[in-house]
Amino acid sequence: MALDLTPEQKATGKANFEQAAGDLARAGKMNTMAVGGAPVDPKNPDRRDFLKVGLAAGAVVPVSAAVYYGYQSWKGNKAVKMALIGCGDEGGVLIGDHNPEFNEFVAVCDIRPSNLDRIYAGEPNGPRKGLNKIYGVDNAKKIAKYDTVDALIGDAKKLGIEAVVIATPLNTHDVIAKQCMDAGLHVLCEKLMARTIGKCKSMIQYAKDKGLLLSIGHQRHYSTLYAQALEVVNAGVLGDIKHIRAQWPRNNSFPFTATDAEKAKFAPQYMNDLPFYRDGWCKPILKQDADALTPEKLAAVAFGDVNQYGFKDVKELVRWRLYDKTGGGLMAELGSHQLDASSIILGHVHPLAVSGIGGKFFYGPGRNDRESDDGVFVTYEFPGPTHPKGAKKGKDENDIVIVTYSSFNTNSFEDYGECVMGSRGTMILSKEAEVYLYKEPEPGKANSGGRDTKVTVGTGGKGPAMESTSTWGGGGGAAISKAPGASAWDSAVRGYRTEMEHFAYCLRKWQELGKPVSYEKDADGHLKYADIMPRCHGEVAMADAILALTGNMAMAKKERIVFEEDWFNADKMDAVPETKHAKKA
Ligand SMILES: NC(=O)c1ccc[n+]([C@@H]2O[C@H](COP(=O)([O-])OP(=O)(O)OC[C@H]3O[C@@H](n4cnc5c(N)ncnc54)[C@H](O)[C@@H]3O)[C@@H](O)[C@H]2O)c1
């Protein structure tokens, strides 16, 4: 993302962001930062927790996620007893990042035996620490293990399970979520919410009818890094934003290779179907899984007689992202995150239109064959603040923000991220870990902007604005942007842990209230109980699904699709983009 920036320029951009966040905090314009020397708010005494002892007057530190998201009063609550359904790559990440003080996993469920093993064992490096490491081997043995959702649900009462985390393939989300809600369990389901918008709406309806929490795992809603970036954007220092460039480039074009030891674990019946290229979406099929999951068993055992979310064979199960029936391709898997980020930055406004080009430009028969696109370039038209559909509901029809998103499988030169371009500055969010801020140069004024220019933020006059400076001391706010190259797996930055903690907090708050979860809205259309609702609840997540899936439809039909407001209304069950725009099989 930070194309051709030198390490020095990245350091300047990172320090500029910290300086801007610090300056805005000192002017009382940042909720994510605490300013030293400030009197403790008597209504919010817990702020002492993050105002470190000895913090000098005017010094600034980030507030904790718990304080920022309002659940610092957790102490004294019992951890919510939870089950994980789907113990694959993402299930492993969520387990690796959860906090047992809030979320105690008492059961796990997967239909693939290899992943049931992996969720306990974890991986030696990286975020998938495994249950054995987190709970200790002896305690982990007490965590119940299931190979069907039916069996797990059958034991839910006995185990005291209150909620589930669902991290299964896209086509299964709505069915498993409803199955769990039928059993009275609250649901935190991974993104993308569902395979169609009709299914998203029915999940929301289900949660409302049953009075249960439904949260969807778009973790950027809980990233304090994104929260800080948003506050800096909202302060207006970027000026008039007309373009966001988002991208997730990867290179999956190198030949697949495996050692003899690895090959010994592959299913012999799928040896002719090994991946041609090394690609995390097109994995080899393990013998352990193939032996356990014959097509008959997949149809009959795993899903009972309701084979609505089944997979015809173990290959389809393992490589679910490659098929239209089971996945949503690059837009659902990667694009949804960054379009989510873009829409957060633009104030959660709904897009106006989308068009794009996508295709199987690289893979094909014998080359990691797939139905989903291997390259996409999509253009979204969003309303700017003064557009009639924009945040300020103005009158300027021309106030449009163009958001482009691209993802290709054949080149990873640039990092993934979002570049927000305004008339007075540029903000680059890179790899969910780093934020760089630069000022636009002013005409005729040397060293007044650009990638080498250090800035402060003046908050007088017409409002916050970046000013170039030569007397800058280097980073004034200790914002939580990671140093370039530092680990991107910081919990506060990534948002997974916070998302699960906040979910537990909301659940306990509803129990305190002693009534079913209510999705009632006030006269302005806002949730009445928003402060005890997951930030990415069903309606928020549905908007992300609409962005991603309608992008797919625009590419498939090569048409510019104009978004209809009713698609975003969860109560209008029949208003969905797929009826008009899905490509007929
Ligand atoms: N939030 C994020 O950043 C992020 C990142 C990666 C994946 N995800 C999402 O997480 C979900 C899972 O992705 P993944 O990469 O872990 O996929 P995966 O294929 O690695 O794991 C999915 C697991 O679900 C299991 N499963 C399938 N059907 C099941 C059923 N009926 N009952 C029980 N288990 C079942 C599979 O056997 C597999 O082990 C997807 O929705 C994906 O989009 C989110």
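Numbers given for residues are sequential positions, taken from 1 along each chain in its written order. Local features in this predicted model are restricted to residues whose pLDDT is 70 or higher, and side-chain atom pairs enter the listing and the counts only when it is 80 or higher, whereas totals over whole chains, interfaces and linings include all residues.

Undergrad: Outline the sheet that holds strand β8 (residues 214–216), listing residues and values.
TA: Here six strands make up an open sheet; going across it, the order is β5-β4-β3-β6-β7-β8 and the pairing parallel. The sheet is open, and its two edges are formed by β5 (144–146) and β8, each paired on a single side. In this sheet, adjacent strand axes meet at a mean angle of 25° when their direction is disregarded. Sheet topology note: the strand β3 (residues 80–85)/strand β6 (residues 163–166) ladder contains four bridges and is parallel. Along β6, the bridge assignment pairs methionine 82 with alanine 163. Our contact criterion uses C-beta atoms placed from the backbone: two residues qualify when those atoms are within 7 Å. To get an axis, a line is fitted to the C-alpha atoms, and for a helix only the part in contact is used. The angle between two axes follows their N-to-C directions and goes from 0 to 180 degrees. Numbering of helices and strands runs from the N terminus, with a helix taken as a DSSP run of H or I at least four residues long and a strand as a DSSP run of E at least two residues long. Contacts between helix α8 (residues 173–182) and the sheet are confined to β3, β6 and β7 (186–189), with β7 contributing the most and set at about 160° to the helix. One bridge is not enough; two strands pair if DSSP finds at least two bridges between them.

Undergrad: Pulling in residues and values, what's your account of the domain arrangement of the chain?
TA: Each assigned domain of the chain is listed with its residue range as follows: domain 1 (74–218 + 497–537) and domain 2 (260–322). Spacing between the C-alpha centres of domain 1 and domain 2 amounts to 25 Å. What counts as a domain boundary in this text is fixed by an automatic or database domain assignment.

Undergrad: Describe the pairing of strand β12 (residues 400–408), with residues and values.
TA: For strand β9 (residues 241–247) and β12, the ladder comprises five bridges, and the chain directions are parallel. Residue pairing for β12: arginine 245 is matched across the bridge by threonine 404. Direction of pairing for strand β11 (residues 375–383) relative to β12: antiparallel, over a ladder of nine bridges. Paired with valine 378 across the two strands is tyrosine 405, which belongs to β12.

Undergrad: Provide a residue-level description of the site of the ligand, including the pertinent values.
TA: Using a C-beta atom placed from the backbone for every residue, we mark a residue as near a molecule or strand if that atom lies within 6 Å of it. The immediate surroundings of the ligand are formed by 26 residues, with Gly86, Gly88, Glu90, Arg112 and Glu190 found nearest. The element that contributes the greatest number of residues to the shell around the ligand is helix α3 (residues 89–97), accounting for three residues. Under the scheme applied here, ten amino acids are nonpolar (Ala, Val, Leu, Ile, Met, Phe, Trp, Tyr, Cys and Pro), four are charged (Asp, Glu, Lys and Arg), and all others, including Gly, are polar. Partitioning the shell around the ligand into residue classes produces 11 nonpolar, eight polar and seven charged.

Undergrad: Give a description of helix α17 (residues 496–513) that names residues and reports values.
TA: Between the first and last C-alpha of α17 there are 26 Å, a value that for 18 residues agrees with the 26 Å anticipated at 1.5 Å per step. Positioned one or two residues after α17, glycine 514 has a phi angle of 70°, which is positive. Here, expected helix span is obtained from the residue count minus one, scaled by 1.5 Å.

Undergrad: Any chance you could break down the nonpolar core for me, citing the residues and the numbers?
TA: In terms of nonpolar packing, the biggest core is built from 137 residues, with Ala83, Val187 and Ala545 touching the most fellow members. The element that contributes the greatest number of residues to this core is helix α18 (residues 538–557), accounting for 11 residues. Note on terminology: a nonpolar core is a set of buried residues of type Ala, Val, Leu, Ile, Met, Phe, Trp, Tyr or Cys, with members joined through C-beta atoms within 7 Å. Residues with at least 20 other C-beta atoms within 10 Å of their own are called buried, those with 12 or fewer are called exposed, and the rest are partly exposed. The C-beta atoms themselves are positioned from the backbone. Counting 10 residues, the second-largest nonpolar core is a separate cluster that includes Ile111, Ala290, Leu298 and Val318.

Undergrad: Go over the pairing of strand β13 (residues 417–422) with me, naming the residues and quoting the values.
TA: With six bridges joining them, β9 and β13 adopt antiparallel strand pairing. When the sheet's bridge partners are listed, isoleucine 241 is paired in β13 with glycine 422. Pairing of β13 with strand β14 (residues 425–430) involves five bridges; the strand directions are antiparallel. Pairing of methionine 421 across the sheet is with threonine 426, part of β14. Between β13 and the antiparallel strand that follows it, β14, lie two residues.

Undergrad: Could you give an account of the sheet that holds strand β10 (residues 353–359), with specific residues and numbers?
TA: Strand order across the open sheet formed by eight strands is β15-β14-β13-β9-β12-β11-β10-β18, with mixed pairing between neighbours. Edge positions in the open sheet fall to β15 (434–439) and β18 (561–562), since each of these has one partner strand only. Strand contacts of helix α1 (residues 7–26): β14 and β15, with the helix running at about 85° to β15, the strand carrying the most contacts. Where helix α10 (residues 224–234) meets the sheet, it contacts β13, β14 and β15, and its direction lies at approximately 170° from that of β14.

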